[in-house]
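Now for the letters of each chain:
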Amino acid sequence: MSTVLRLSAILFLSCPILLVRPLAAAQSEEDPMESIDEIAEEGVKAAVVAGLISEEQAEQMGEAAELIYETEPGEGDEPSPEEVDREFVGMLGEELKSAVESGSMSEADAWSVYLSTVADVRSWYAEQEEAGREVTVPWSRQPNRSGEVATLRLFMLDPEGLQLLLRPEYARRDARHIAAELRLDPDTTNVLELLVSDYLESYDRAVVQFQSTLDRGRRGDAVRRLDAVLSDVAAIDLASLDWQRISERNPWMGDKPEGRIWMEDSIGRFQQVIGPVRGDLERRRAALLAEGPMPGLREQLAALGELRQARERLRLELESQLRGFLPEGNQAALEAVLAELEIDRALVGVTLAGIRVNFELALRRAADLRPFDPLSDAQRTMMRATGKELLDVLRPWMRARLEAEVAGFELVLRKQSSTEPSESSTVAYGRALMDVAEREVQVRDTVQRILEGTRGSLAETDDRLAVRFREESMLQGFPTQMRPRWCERATGTALGFADLDPSAREAVVELQSSIDLQLPGLRDQAIMTCLELEPRVARARVRRVLDPGSRSDLELLAIVREPGHDRFTDLDDRTADLLEALLTEEQFERLPRRPGQPLAEWNDEKSSEGKGKAGGKGDGRRDGKGGGRGGGKRGGK
């Protein structure tokens, strides 16, 4: 969206109650139905094109208006899964366009990824609807079943948002978990829940106080900035403009009077709207001042530091109360539970694959143990050592994340309060982000080292348990690479056909056995590629903070093809060829749709326009040979 369009949408559509009445008197009788946003769009566009205001000023107007007239917290509904996925697909298109423009991806590949992704999303929603399942988690936030789409969605911390700092470190459910693990009686459990409730109330008060200071300061500054730019626009004297200079700036105007007429008319009608808006801004400024002195940058930074100190102080106070309240016999068990909760909190924020592994859960599943079945003494000792080793690297990473979040927010506050360069703040933020990225790589490497060490220890007494433990751990840590592939699902579906010919069934069983032998090696290769590539992507995105114009091939893509995608696609292709020869046409049609294949309604002619080889088998791979036929006949139809 252009600066002008964004400005008009934010400034005038976000405050309809304020502007409808003042504008009604200003609207021309000849154009009684002309909308507010059209007048705003044309006026701002004309002022920018004429050089009367800069694009930077227009951007400032939009940002300030967005803050002043934004929806109050709690008034808006959470976006639906469908809305989240529409935004994701739009972002995907922008990333692919950028990749094509930078030369890091061909247009054919970009179209292939885009069309196959849209097809995957639509097909997935159709499957959920047919199964009668309510969609609560968007498709884009789940491990993708398509190899065409990015698995490396390593988005950096948003400098404008505070996530860790505003979120308490303990929740009410943690009190119930501690009570269950320590087998506390009801009276003791009630006291434990009261301690956690008091902690949460204190944290909430600290957050509200911070947000109040921040909100008043930012709104006051936004009112000042928006009023200043609107004042400049209102002061434009259309009668004394240097039209010769404006014509030289815009050669498209030539000697025709239409351009000048458009500019004068658009800016003039825009000026009629400004008066009522500035009047409202003055009322808002007075209301803010009535609450006390306006918090400036110094006060906002001080409030940020106070909240950070409160976060640490309240956590230590709660943990001290828990230790002092419970009997000495429960202290060791309490420390183990607190460590477990701390690990769980940390794992929520990981972005690299291979970290989110619950070793005890993996061990229990491998050993077919129920949640409350006891581990052996040796296993319990092993799990405690694992937790300690993991916390040793998770804690510095969590501190680094908080440092980066605070540094990014400080950078935003400084930019909002001053037009002076903030290069040092930007560099500090970039360094903090790089520290986060490097420490997360250390966490990932530690998790993988623990995994292999635990597997080795288990193998000394039970080789089968060790193999199952590794598999369960990999399923948790690498869900994308370990997901069921189309070749597995297709052969499983075929074997479920009641009308399958006995000789064909025997051949499909043999095919399935061959697939089972090949997939472990392919998955291990994909995981190794992922382990090597993800840190490069994370570092490249941090470097982009320091140098927004930098390019680093596809490392700068938020979305890239899945590592090892081609090898899995080749196996799916061979499986499709054999199944098509073994099954009847009707049976082949009943197989699951191939992820990454454009829908049947996108015929070969349409799909081949810059998207791969015409008449190919589906998803238009890099080699132009297509990528399989999915659940349809040859040609993907």
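Residues numbered from 1 in each chain as written. Predicted model: local features only at pLDDT ≥ 70, side-chain atom pairs only at ≥ 80, totals over all residues. Heavy atoms only, no water.

1. Description of the overall build of the chain
For the record, the criterion: The helix and strand labels rest on DSSP assignments: H or I over at least four residues marks a helix, E over at least two residues marks a strand, and numbering proceeds from the N terminus. Relative accessibility under 20% of the residue-type maximum defines a buried residue, over 50% an exposed one, and the middle range a partly exposed one, all with a 1.4 Å probe and only protein chains included. Contacts are assigned to residue pairs that have any heavy atoms within 4.5 Å of one another. Values of accessible area rely on a 1.4 Å probe in the Shrake-Rupley scheme; residue burial ignores everything except the protein chains shown.
The helix and strand inventory of the chain stands at 21 helices and zero strands. In the chain, buried positions account for 48% of the 637 residues. Taking contacts inside the chain between residues at least 6 apart in sequence as the whole, the part at least 24 apart equals 77%. Accessible area for the chain stands at about 32,500 Å²; split by element, carbon and sulfur atoms hold 50% of it.

2. Topic: the packing of aromatic side chains
Rules: Ring geometry is summarised as follows: Phe, Tyr and Trp rings, the Trp one being its six-membered ring, pair when their centres sit within 6.5 Å, and such pairs are stacked at plane angles under 30 degrees, edge-to-face over 60 and tilted between the two. Comment: the charge-over-ring label is applied if NZ (Lys) or CZ (Arg) is within 6 Å of the ring centre and within 35 degrees of the ring normal.
The tally for this structure, following the rule as stated, stands at six aromatic pairs. A ring pair is formed by Tyr 170 and Tyr 199, whose centres lie 6.1 Å apart and whose planes are at 80 degrees; its orientation type is edge-to-face. Within this pair, whereas Tyr 170 is found in the loop between α6 (107–131) and α7 (172–182), its partner Tyr 199 is found in helix α8 (residues 186–234), the two being separated by 29 residues in sequence. The residues Tyr 170 and Tyr 199 share a single accessibility class, namely buried. Here a set of aromatic residues connected by ring pairs shows up, and it is made of Tyr 170, Tyr 199 and Tyr 203. Residue placement shows Arg 345 over the ring face of Tyr 170; its charged tip is 4.6 Å from the ring centre. The ring centre of Phe 497 lies 4.2 Å from the NZ or CZ of Arg 590, which sits over that ring.

3. Details of the environment of Leu 465
Within the secondary structure, Leu 465 is located in helix α16 (residues 463–477). Distance in space between the C-alpha atoms of Leu 465 and Asp 368 is 9.8 Å, their sequence separation being 97 residues. Sequence-distant contacts of Leu 465, that is, excluding residues within four places in its chain, are made with Leu 363, Ala 366, Ala 367, Gln 379 and Leu 458.

4. Section: the confidence of the model for the chain
Operational definition: Confidence scores labelled pLDDT are given residue by residue by the predictor and lie between 0 and 100.
Here the chain averages 79 in pLDDT, while 79% of its residues score no lower than 70. Counting interchain partners and residues more than four positions distant, the pLDDT-below-50 stretch residues 553–559 has 30 contacts.

5. Details of the pattern of salt bridges
Selection criterion: The working definition used for a salt bridge is a side-chain nitrogen of Lys or Arg within 4 Å of a carboxyl oxygen of Asp or Glu.
Throughout the structure, instances matching the rule amount to 38 salt bridges. In this structure, the salt-bridge partner of Glu 312 is Arg 315, at a minimum N-O distance of 2.8 Å. Here Glu 312 and its partner Arg 315 are both found in helix α11 (residues 297–325), three residues apart, which amounts to about one turn of the helix. A relative accessible area of 38% means that Glu 312 is categorised as partly exposed. Taking the relative accessible area as the measure of exposure, Arg 315 reaches 16% and is therefore buried. Across the salt bridge formed by Glu 532 and Arg 536, the nearest N and O atoms sit 3.3 Å from each other. Remark: Arg 536 and Glu 532 occur in helix α18 (residues 502–546); sequence separation between them is four residues, near one turn of the helix. One connected set of salt bridges, linked through shared partners, spans Glu 169, Arg 311, Glu 312, Arg 315, Glu 319, Arg 323 and Glu 335.

6. Thoughts on the nonpolar core
Our working rule: We define a nonpolar core as any set of buried Ala, Val, Leu, Ile, Met, Phe, Trp, Tyr and Cys residues linked to one another through side-chain atoms lying within 4.5 Å.
Residues Ile 178, Phe 210, Leu 322, Phe 359 and Trp 397 are the most contacted members of the largest nonpolar core, which totals 76 residues. Examining the composition of this core, we find that 16 residues originate from one element, helix α14 (residues 377–417), more than from any other. Ranked by size, the runner-up nonpolar core spans 33 residues in total, among them Val 48, Ala 65, Val 223 and Val 277.

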